[in-house]
There are 2 protein chains.
Amino acid sequence: MSLAIDRSKPQLTDKPTLYKQIRLDIERRILSGEWPPGHRIPFEHELMADYRCSRMTVSKALSELAQADLIERRRRAGTFVRRPKFLSAVLTISDIRAEITALGRSYGYQLIKCSRRIANATDRIRLGVGKTGKVIAIACRHSADAVPFAIEDRLIDLDAVPEAATADFAAEPPGSWLLHHVPWTEAEHAISAISADDEAAASLDIPIGAPCLVIDRHTWRGGRPLTAVRLIYPGESHKLVARFKGG
Amino acid sequence: MSLAIDRSKPQLTDKPTLYKQIRLDIERRILSGEWPPGHRIPFEHELMADYRCSRMTVSKALSELAQADLIERRRRAGTFVRRPKFLSAVLTISDIRAEITALGRSYGYQLIKCSRRIANATDRIRLGVGKTGKVIAIACRHSADAVPFAIEDRLIDLDAVPEAATADFAAEPPGSWLLHHVPWTEAEHAISAISADDEAAASLDIPIGAPCLVIDRHTWRGGRPLTAVRLIYPGESHKLVARFKGG
DNA sequence: GTGTTCGATATGTCTATACATATAATCACG
DNA sequence: CGTGATTATATGTATAGACATATCGAACAC
């Protein structure tokens, strides 16, 4: 297979490390289509010979590729290229303040409503908690260069996030505050489209009935609900972008 | 730290392997909040002593956690718990036929238009190719239990995907055909909301002006554009779901 | 005080070896 | 002709030791 690489001065001429070279080599072959899904890649002992290195080194390269789901390793059978896992993409949603300032626009924030109460039935369903407890309900608006950017309707479980009781949500948007103060372990986003009702239309300064992009996000820590939020963006002016890069 | 584990009969009593135990142990501490973001986790030589194992074993556990972005390793300084990477989630978009049949509903498909042509200026911009070439333009509709589910407007670069010339898009939806025949390496999705224009409204059997969820997807192989597609879903009946599970 | 050098140290890579374990392939048997 | 036991083999885990490399801090020079 003539894979042998230049190692005339083992740790001096090589820029990337050996296992990384092997990993990138295999990755390139997979992504270029040279080794299509289902293809059996050379056995470890073959790669050992090709690259003149120990099995541990080959194994390290293959293990990383396996962890990244590019290949599948089966004992006795060998190592195979995985078929791409049906269109998936990583959606990155930064907090809104960061998103707006990253665009070089000035960030504005207005707290519309902030109340503390004992969770009612609606709150409990929305958060997904069984027994009643204290919650904070927040409505606020984010703007970019003084133009309404999104409105936010949030519920925080005060029993799960007691520190929220002392936060000043008039000064700092709850999304930013939570992101910086409360670690979370699981999150779920549901993305849909709605027509602006009169309230949303007024807050966003758009016509009633205009299309809006909606993100409903739930966040947990160790299975316990922390917060539920609905973000409404004017639909035609906002896009969510998700990317997938093989490897 | 009293982390020592039971290894009275090294490879017999242990269910999970040693490095996996170490990995899960550390993972648990991080996800439970016991070791918060920024916390320095014990040095490798400390973990070696705690778990009575070699450094390679500890290192393997830490390397996997680092690859999964839960920790950050810095030479000379030590290993630290990373702060969560600003709300990110994995969005999985399966092809529409699979999505509908997975819901136990019957899948229907109508090809509305399919034409082959030399790429005009609009096509070139949409695909992001410089010089002109042949393309296939397809319009079609997907339905679930005979109810319109989504409409699709797609452009395929015939020079990048010559096999598409022989595909029968009246029999098989282009999304499914591409997924099964054409490997890709990069994809980008932009998600937005629009009002249904009269054409979309008629195809989807919804009122003109109704909110719709739009996915614009571009797919490349090795940096070369393969296809550009716009999918329009009735907004209130469809949700995209994205999840993030720590670890 | 300020910048430089240098040593200590934690992680990063690699080797050679050993044994464990899952399983594909083969073979013996009813 | 299946079918169950056996074997061969590729990956999986683990060890001990070696050297590479980045970098924090302290000692040093200016």
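Preceding block: the structure.
Residue indices follow the written sequence of each chain, beginning from 1 at its first position. All chains are assigned letters beginning with A, and all ligands numbers beginning with 1, in the order in which they are written. This being a predicted model, a pLDDT of at least 70 is required before a residue's local features are given, and a value of 80 or more before pairs of side-chain atoms are given or counted; all residues contribute to the totals for chains, interfaces and linings. Water and hydrogen atoms were dropped before computing side-chain values, which therefore reflect all heavy atoms in the structure.

Colleague: Outline the overall build of chain A, supporting the account with residue identities and numerical values.
Modeller: Numbering goes from the N terminus for both helices and strands, where a helix is a DSSP run of H or I of at least four residues and a strand is a run of E of at least two. The number of helices and strands found in chain A is seven helices and eleven strands. Only C-alpha atoms enter the radius of gyration, while the globule expectation follows 2.2 Å times N to the 0.38, with N the number of residues. Taking 18 Å as the expected radius of gyration for a compact globule of 247 residues, we find that chain A reaches 25 Å, considerably beyond that expectation. Taken along the three principal axes of its C-alpha coordinates, chain A extends 70 × 40 × 35 Å. Within chain A, buried positions represent 47% of all 247 residues. Here a residue-residue contact requires only that any non-hydrogen atoms of the pair lie within 4.5 Å. The long-range fraction of contacts in chain A, counting pairs at least 24 apart against all pairs at least 6 apart in sequence, stands at 58%. The charge count includes Lys and Arg as positive and Asp and Glu as negative, but it does not include His or the ends of the chains. The atom standing in for a charge is NZ when the residue is Lys, CZ when it is Arg, CG when it is Asp and CD when it is Glu. Looking at charge distribution, chain A has the averaged site of its 36 positive side-chain charges lying 7 Å from that of its 30 negative ones. The buried label applies to any residue whose accessible area, calculated with a 1.4 Å probe on protein chains only, is under 20% of its type's maximum; exposed applies above 50%, and partly exposed to all values in between.

Colleague: I'd like to hear about helix H6 (residues 174–181) of chain A, residue by residue, with values.
Modeller: Counting buried positions along H6(A) yields six of eight residues, so the element is predominantly enclosed. Structurally, H6(A) contributes buried residues whose contacts are with helix H4 (96–102), strand E5 (107–118), strand E6 (134–144), strand E7 (147–157) and strand E10 (224–234) of chain A.

Colleague: Can you tell me about the protein's contact with DNA strand D, naming the residues and giving the values?
Modeller: Close to DNA strand D lie 26 residues, the nearest being A:Arg55, A:Arg73, B:Leu18, B:Thr57 and B:Arg76. The side chain of A:Thr79 places a nitrogen or oxygen atom 3.3 Å from a phosphate oxygen of DNA strand D. Secondary structure elements with two or more residues in the surface near DNA strand D: helix H2 (44–51), helix H3 (55–67), strand E2 (71–74) and strand E3 (78–81) of chain A together with helix H1 (18–31) and helix H3 (55–67) of chain B. Three classes are used, and their members are as follows: Ala, Val, Leu, Ile, Met, Phe, Trp, Tyr, Cys and Pro are nonpolar, Asp, Glu, Lys and Arg are charged, and the others, Gly among them, are polar. Grouping the amino acids of the surface near DNA strand D by side-chain chemistry returns six nonpolar, eight polar and twelve charged. Proximity criterion: a residue is near a molecule or strand once any of its heavy atoms comes within 4 Å of it. The definition of a polar contact used here is a pair of N or O atoms within 3.5 Å, where within protein one atom must be able to donate a hydrogen and the other to accept one, and adjacent residues in sequence count solely through side-chain atom pairs.

Colleague: Could you give me a rundown of the pattern of salt bridges, with the residues and numbers involved?
Modeller: Residue and element names in this part refer to chain A. For salt bridges, the criterion is a side-chain nitrogen of Lys or Arg within 4 Å of an Asp or Glu carboxyl oxygen. Taken as a whole and judged by the stated rule, the model has 34 salt bridges over all chains. As a salt-bridge pair, Asp25 and Arg29 come within 3.7 Å of each other at their nearest N and O atoms. With Asp25 and Arg29 both in helix H1 (residues 18–31) and four residues apart, this pair spans about one turn of that helix. Residue class for Asp25 comes out buried when judged on its relative accessible area of 18%. Of the charged contacts in the structure, one is a salt bridge between Glu44 and Arg73, with a shortest N-O distance of 2.0 Å. One end of the pair, Glu44, is in helix H2; the other, Arg73, is in strand E2, with 29 residues separating them in the sequence. With a relative accessible area of 14%, Glu44 lands in the buried category. A network of salt bridges, in which partner residues are shared, links Asp25, Arg28, Arg29 and Glu34.

Colleague: Let's hear about the protein's contact with DNA strand C: which residues, and what values?
Modeller: As a matter of local geometry, DNA strand C sits amid 27 residues, with A:Leu18, A:Thr57, B:Arg55, B:Arg73 and B:Arg75 nearest to it. The protein-proximal atoms of DNA strand C, defined as those within 4 Å of the protein, are 68% sugar or phosphate. With respect to DNA strand C, the side chain of A:Ser54 contributes an N or O atom lying 2.9 Å from a phosphate oxygen. The separation between a phosphate oxygen of DNA strand C and a polar side-chain atom of A:Thr57 is 2.5 Å.

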